[in-house]
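A look at the structure
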Amino acid sequence: MLKKMRLGELFTTKEQTFSIYKLNGLLALWLLFAYNLPFLNKVWDGVGDKSVGVIILIIGVAIYLLLLNLLLILCANIRPVFKPFIILTFFISTILLYINSTGKQYNPWAFEMSQWLAGTGRFLTLNFALHFIFLFLLPSVVLSIINIKYDTIKRHIIKTLAAIGLVSLSLFSIHQLTQDKIRPYYHSMRSALVDVIPMHFVDSSIKYVQHQYFEPVHSFAILDNAPYLIDKNVHTTVVLIVGQSIRADAFTKDNLLSFEQHAGQESPLSACDTYAESSMQCMFSFLSLAEFSDKQASHQQNVLDILALSGVNIFWLSHHESCGDLCKRANVSERRLKCKNKQCYDHDLINTLLVDVLHNAINPKAPNLVIIQTQNIGSPLYSRFYPNEFSTRVPECKTLLVANCNNGELINSYRNAVDYMKFVLAQAISRIEQFHVSFPITNTSLMFTAKYGESLGEKGLYFHGSPKAVAPSEQLLVPLLIVDNNLPSDCLSMLNGKLSHDFVSHTLLGYFHTRSKTYSPEFDIGYLCKSQAIEKAMLY
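The present account deals with the structure reproduced in this document. (Residues numbered from 1 in each chain as written. Predicted model: local features only at pLDDT ≥ 70, side-chain atom pairs only at ≥ 80, totals over all residues. Heavy atoms only, no water.)

Before going further, it helps to examine the overall build of the chain. Helices and strands together make up the secondary structure of the chain, namely 18 helices and 14 strands. Put simply, the chain has 540 residues, and 49% of those count as buried. Accessible surface, the chain as shown: approximately 26,800 Å² in total, 60% of it carbon and sulfur. (Helix = DSSP H or I, 4+ residues; strand = E, 2+ residues; numbered from the N terminus. Buried < 20%, exposed > 50% of the residue type's maximum accessible area, 1.4 Å probe, protein only. Areas by Shrake-Rupley, 256 points an atom, 1.4 Å probe, with all protein chains shown as cover.)

Within the open sheet, the eight strands sit side by side as S7-S6-S8-S4-S9-S12-S5-S13. Their pairing is mixed. At either margin of the open sheet sits one strand with a lone partner, and together these are strand S7 (332–336) and strand S13 (499–500). Taken together, the eight bridges between strand S4 (residues 236–243) and strand S9 (residues 443–450) define a ladder with parallel strand orientation. Its bridge partner lying in S9, Leu-240 is registered against Met-447. The strands that helix H13 (residues 346–361) touches are S4, strand S6 (313–318), S7 and strand S8 (368–373); relative to S6, the one it contacts most, it runs at about 160 degrees. The sheet strands contacting helix H17 (residues 502–511) are S4, S8, S9, strand S12 (477–483) and S13, and the helix crosses S4 at an angle near 165 degrees. (Pairing = 2+ DSSP bridges. Contact = heavy atoms within 4.5 Å. Axes fitted to C-alpha atoms, helices over the stretch in contact; angles between N-to-C directions.)

This model, assessed by the stated rule, comprises four disulfides. Note that Cys-272 is cross-linked by a disulfide to Cys-282, the S-S spacing being 2.1 Å. In this structure the cystine formed by Cys-272 and Cys-282 twists about its S-S bond by roughly -70 degrees; its chirality is therefore left-handed. Residue Cys-272 is found in the loop between strand S5 (264–270) and helix H10 (276–283), and its partner Cys-282 is found in helix H10; the two are separated by 10 residues along the sequence. In this structure, Cys-272 and Cys-282 share a single accessibility class: buried. Paired by a disulfide, Cys-491 and Cys-529 hold their sulfur atoms 1.8 Å apart. The chirality of the disulfide connecting Cys-491 with Cys-529 is right-handed, given an S-S dihedral of about 75 degrees. Taken together, the positions of Cys-491 in helix H16 (residues 491–494) and Cys-529 in helix H18 (residues 525–539) put the pair 38 residues apart, joining distant regions of the chain. Judged on exposure class, the residue Cys-491 and its partner Cys-529 are both buried. (Disulfide = S-S within 2.5 Å.)

Quick look at the nonpolar core now. Formed by 89 residues in total, the largest nonpolar core has its most connected members in Phe-284, Leu-304, Trp-316, Leu-369 and Ile-525. Of the residues forming this core, the biggest block, 12 residues, is contributed by helix H14 (residues 407–438). In this structure Ile-525 touches Leu-480, Ile-482, Cys-491, Leu-492, Leu-495, Leu-499, Phe-503 and Thr-507, once residues within four positions along its chain are discounted. Phe-18, Leu-74, Leu-97 and Ala-192 belong to the second-largest nonpolar core, a separate cluster that totals 48 residues. (Core = buried A, V, L, I, M, F, W, Y, C linked by side-chain atoms within 4.5 Å.)

The omega torsion across Ile-197 and Pro-198 is 5 degrees, close enough to zero to call that bond cis. Relative to the helices and strands, Pro-198 is located in the loop between helix H8 (153–189) and helix H9 (199–214). Of note, the amide linkage connecting Asn-376 to Ile-377 takes the cis form, showing an omega dihedral of 5 degrees. Residue position: Ile-377 is located in the loop between S8 and H14. Of note in this structure, Ser-245 is not a glycine but carries a positive phi near 55 degrees. Note that Ser-245 resides in the loop between S4 and S5. Phi is positive for Lys-459, which is not a glycine, with a value near 55 degrees. Following the sequence through the fold, Lys-459 ends up in the loop between strand S10 (455–456) and strand S11 (462–463).

Further remarks concern the packing of aromatic side chains. Each aromatic ring pair is summarised here by two numbers: the centre-to-centre distance and the angle between the ring planes. The full count for this structure, using the stated rule, is 14 aromatic pairs. Measuring from centroid to centroid gives 5.2 Å for Phe-435 and Phe-439, while their planes differ by 50 degrees, and the two rings are tilted. The class for Phe-439 is partly exposed, based on a relative accessible area of 29%. Every member of this aromatic cluster is reached through a ring pair, and the members are Phe-91, Tyr-98, Phe-128, Phe-132 and Phe-136. (Phe/Tyr/Trp six-rings, centres within 6.5 Å; stacked < 30°, edge-to-face > 60°.)

Right, let's talk about helix H7 (residues 126–145) for a bit. Compared with an ideal rise of 1.5 Å per residue, which puts 20 residues at 28 Å, H7 spans 27 Å between its outermost C-alpha atoms and is within 8% of the ideal. The axis of H7 is deflected most strongly, by about 35 degrees, at Ile-133. Buried within H7 we find Phe-128, His-131, Leu-135, Phe-136, Pro-139, Ser-140 and Leu-143. Each element contacted by the buried residues of H7 is listed here: helix H2 (20–35) and helix H5 (79–101). (Expected span 1.5 Å × (residues − 1). Bend = angle between axes of the 7 residues up to and from the residue.)

This part is about the side chain of Gln-265. Positionally, Gln-265 belongs in strand S5. Gln-265 sits in the buried class, given a relative accessible area of 8%. Within the structure, the side chain of Gln-265 is placed 3.1 Å from the backbone nitrogen of Leu-492, a separation counted as a polar contact. If near-sequence neighbours (up to four positions away) are discounted, Gln-265 is found in contact with Leu-480, Leu-481, Ile-482, Leu-487, Pro-488, Ser-489, Asp-490, Cys-491 and Leu-492. (Polar contact = N/O pair within 3.5 Å; in protein donor to acceptor, adjacent residues only side chain to side chain.)

Shape is all these values report; function is a separate question.
Written out as structure tokens, the structure is:
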């Protein structure tokens with residue numbers, strides 16, 4: 001009891017009283033160092049070669065985060081709610097930090113409550129207890145018992161508004177001064193933004209409320225509620241590999257290398273868009289490129305829904321990317337690579353997850369679709385996504401400060417990444433052929449395409465993400481590679497290069513002989529090639 005009294009006296013004496021503004025700064029520092037170090041560590045690991053410029057830029061990122069945290073705290077500078085708000089922030093931040101460290105998705109607004117309740121067992125660990133004690137309980141107790149000195153209401157309002165204005169101006173100035181250098185970081189580190197705690201949670205929650213309550217309601221369109229397989233005993237396994245940032249001219253016929261021995265066929269293909277989310281949504285939808293919109297596509301069935309309803313087993317393999325909204329209605333088995341080393345590459349994805357699925361998970365006598373989402377080619381630091389032994393073209397660009405690299409170094413890195421992608425595809429083809437040898441009655445095939453292309457300096461443009469209306473062809477033309485011995489050898493060349501992402505969904509339905517209202521044979525590559533081959537034969 002005496003100890004408790006002394007502790008209380010210690011924090012309520014005049015010497016230990018904190019002004020609200022001094023406390024704002026200390027709390028902003030606490031949020032930075034207690035909860036944002038994993039994000040800063042990921043940025044440090046991902047920048048490539050370290051230099052003075054890189055170190056200065058990372059310090060700038062830390063200052064930016066500090067100011068963001070300070071802005072959040074200043075917005076809660078209202079006497080009755082200040083302590084409860086900060087304690088709640090400690091609690092949410094502790095939960096997010098722990099869940100992110102376990103590799104689980106954290107945003108409660110994005111999932112059903114039953115999914116969260118089913119995963120509560122991960123909190124019954126010593127690791128979580130330590131997080132809870134040192135990152136929530138102790139700082140909350142300290143905050144609750146310290147004495148805070150406030151100005152008069154009028155002066156407090158004036159000072160708080162002035163501080164908010166100054167911090168906002170500082171954030172704007174830093175953004176304007178560094179946006180050209182920060183943009184490569186943002187492209188490369190978007191998946192790490194969940195570790196910006198608690199600001200990413202605040203941003204996600206605002207977007208959720210906006211989407212849930214302030215956007216127009218769209219009814220969900222059921223395109224076909226009873227698709228079925230014409231032959232229920234079909235023995236078909238299709239592997240679809242989706243890359244990113246890959247230009248069509250990187251996979252010309254002369255550069256197919258080992259694919260020729262596997263009867264691989266290549267053709268350029270028009271991509272839906274120049275950024276990942278829209279292109280993936282479009283690729284698996286039944287909307288044409290001309291009529292596609294993210295909103296409409298997300299409110300109707302996609303090809304995964306139709307295939308799952310018809311009885312096709314679907315597997316989604318990736319490093320850490322979830323199939324998200326694409327799979328929220330379909331029964332899809334998601335598997336992610338557990339990386340024992342600090343850096344895992346795409347051939348690890350093929351030689352572990354794909355091999356395991358082909359030989360241990362699927363029934364070769366059933367219809368199976370295996371979708372593999374690769375991380376190569378990731379921009380702007382292309383060299384980060386392939387092993388050192390593929391650094392055959394030098395010098396390379398080894399830093400996210402790509403402005404410090406000349407065009408030759410950037411292109412060398414990109415071409416090395418393309419060579420590595422070909423190696424990964426050759427590995428996948430070999431694994432599929434081994435599977436076919438084990439199960440010769442199973443029809444096997446591989447399709448490969450990319451979400452979008454990449455600019456490498458043409459017309460002064462780099463990377464991707466340009467608005468589709470003005471995007472150059474380098475960002476919108478991607479390769480299509482098909483390895484399927486059942487197709488005519490000149491299949492893709494017969495289609496005169498008029499292919500687009502529109503063909504992906506219908507070609508997949510065609511592979512499994514799916515009878516569905518959504519199926520359009522004029523967009524099924526297999527149907528078109530075989531039809532034209534028959535017509536060609538009849539002419540002779």
